[in-house]
Amino acid sequence: MTSDDRYTLSTGELGAYRLSILNHIHKPYTEFLFRRVGLESGMVVADIGCGTGNVSHWLAQAVGINGAVFGVDISAAQLEQAKLNADIQGLSNIKFVEGSAYEPGLPQNSFDVVYCRFLLSHLTKPTHALKKMLELVKPGGILVCEEVDISCSFCDPPSPAYDRCIELFLAISDLRGQHFRLGASLYRCFSDIGLAAPEVCMIQSVISRGEGKHIVDLSLREGAAALIAAELTTQAEIDQMLIQLRALADDDTTAFGIFRVTQAWARNLKPL
């Protein structure tokens with residue numbers, strides 16, 4: 001096993017469509033989460049690993065002109081898309097910053113809410129990144145995370161192609177020292193960095209029809225180069241799997257259980 005924080009999927013314009021579908025699937029649950037944690041107008045929020053800015057844009061609208069959102073991502077291509085979409089929506093209370101989860105480049109003790117979605121699982125040191133995020137939270141502020149466990153994904157009726165797709169992504173995660181099962185232990189991660197009494201819940205979207213079902217074949221298509229380079233599969237196998245997964249996605253008698261998501265949040269009770 002190596003230690004490799006590289007993102008397995010596409011970034012920038014190439015990955016924007018997949019991320020928009022993913023956001024469409026998960027957006028209602030994310031919005032419900034922010035209602036639970038008490039997001040309010042006027043708050044200052046940091047979105048770490050913001051990608052193309054889907055959540056950042058919604059947050060900017062939610063906190064209003066008296067609030068502010070800072071989106072951080074290590075990929076310049078992702079930030080370019082995020083800035084473009086912010087301009088299209090006329091969002092003036094949002095700023096995008098190039099930085100990593102380990103070095104976000106934001107001032108400590110400055111944010112009412114610090115948030116990440118589907119970021120930590122791509123990292124080799126998720127707890128270290130979580131500590132860095134906590135440093136940004138002002139006393140009394142809240143740290144909020146959503147994270148995946150892709151091992152809980154399913155297809156019904158069962159499909160060898162679907163199962164093989166999940167197997168491949170788990171394999172490259174293990175090979176790189178990443179954590180595509182992290183959702184199951186997110187509560188413990190919060191406790192490990194000293195957060196008292198974190199709150200936690202789990203959700204899993206099941207999709208039987210529509211564009212959302214193509215999140216699986218789109219992810220495999222984008223991850224194919226990395227999977228082949230790691231000698232986990234071949235282009236011939238990928239091509240055959242894509243044909244089968246697209247057929248399953250178009251079959252309304254088949255349901256996809258998209259990866260299970262853990263939501264965790266806790267207040268920073270440490271004094272300044």
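What you see is a predicted model; the values in this text were computed from it and never measured.

K.L.:
I'm lost on the overall build of the protein in this one. Help?
P.N.:
When you go through the protein residue by residue, the secondary structure sums to eight helices and 10 strands. For the protein, the proportion of its 272 residues judged to be buried stands at 56%. Taking the intrachain contacts of the protein between residues at least 6 apart in sequence as the baseline, contacts between residues at least 24 apart amount to 81%. For the protein, the accessible area works out to roughly 12000 Å², and carbon and sulfur atoms hold 53% of it. Positive and negative side-chain charges of the protein, numbering 23 and 31 respectively, have mean locations separated by a distance of 5 Å.

K.L.:
Help me out: how do you make sense of the sheet that holds strand β8 (residues 206-207) in this one?
P.N.:
Either a parallel or an antiparallel arrangement is found when strands of a sheet pair, and the pairing is made through backbone hydrogen bonds. An order of β6-β9-β8 is seen for the three strands of this open sheet, with the pairing classed as antiparallel. Only two strands of the sheet have a single partner each, and these edge strands are β6 (154-156) and β8.

K.L.:
Before we go on, may I ask you to explain helix α5 (residues 160-176) in this structure?
P.N.:
Within an α-helix, residues lying three or four positions from one another point in the same direction, as the helix has 3.6 residues per turn. The end-to-end C-alpha separation of α5 is 24 Å, in line with the 24 Å expected for 17 residues at 1.5 Å each. Along α5, the positions that sit buried rather than exposed are A161, Y162, C165, I166, L168, F169, L170, I172, S173 and R176. Residues of α5 that are buried sit in contact with β6, α7 (215-229), α8 (235-249) and β9 (255-257). Two to three positions downstream of the cap, the backbone nitrogen of A161 sits 3.2 Å from a side-chain oxygen, assigning the N-cap of α5 to S159. Of the residues trailing α5, G177 is marked for its positive phi of about 80°.

K.L.:
So what exactly am I meant to see when it comes to the packing of helix α1 (residues 12-37) against α7 here?
P.N.:
In helix packing, the relevant descriptors are the interaxial angle and the interaxial distance, both defined with respect to the helix axes. α7 packs onto α1 with a crossing angle of 150° between their chain directions and a minimal axis gap of 10 Å. With respect to α7, the axis of α1 lies roughly antiparallel. Handedness of the α1/α7 crossing: left-handed. Across the interface between the two elements, L14, G15, Y17, R18, I21, L22 and I25 from α1 touch I215, L218, S219 and E222 from α7. The residue makeup of the contact of α1 with α7, split by class, is seven nonpolar, two polar and two charged.

K.L.:
Before we go on, may I ask you to explain the pairing of strand β10 (residues 260-267) in this structure?
P.N.:
Side-chain positions along a regular strand alternate between the two faces of the sheet. Among the eight residues in β10, six count as buried, and that is most of the element. Judged from the five bridges that link them, strand β7 (residues 199-203) and β10 form a sheet pairing that is antiparallel. Residue pairing in the sheet places I203 in a bridge with V261 of β10.

K.L.:
What's the story with the side chain of T233 in this structure? I'm lost.
P.N.:
Tracing the chain through its elements places T233 in the loop between α7 and α8. Excluding anything up to four places from it in sequence, T233 contacts R164, L168, L227, I228 and I238.

Parameters and conventions
Residues numbered from 1 in each chain as written. Predicted model: local features only at pLDDT ≥ 70, side-chain atom pairs only at ≥ 80, totals over all residues. Heavy atoms only, no water. Helix = DSSP H or I, 4+ residues; strand = E, 2+ residues; numbered from the N terminus. Buried < 20%, exposed > 50% of the residue type's maximum accessible area, 1.4 Å probe, protein only. Contact = heavy atoms within 4.5 Å. Areas by Shrake-Rupley, 256 points an atom, 1.4 Å probe, with all protein chains shown as cover. Lys, Arg positive; Asp, Glu negative; His and termini not counted. Charge placed at Lys NZ, Arg CZ, Asp CG, Glu CD. Pairing = 2+ DSSP bridges. Expected span 1.5 Å × (residues − 1). Polar contact = N/O pair within 3.5 Å; in protein donor to acceptor, adjacent residues only side chain to side chain. Axes fitted to C-alpha atoms, helices over the stretch in contact; angles between N-to-C directions. Parallel < 35°, antiparallel > 145°, perpendicular 65-115°, else oblique. Left-handed = near helix turned anticlockwise from the far one by under 90°. Nonpolar A, V, L, I, M, F, W, Y, C, P; charged D, E, K, R; others polar.

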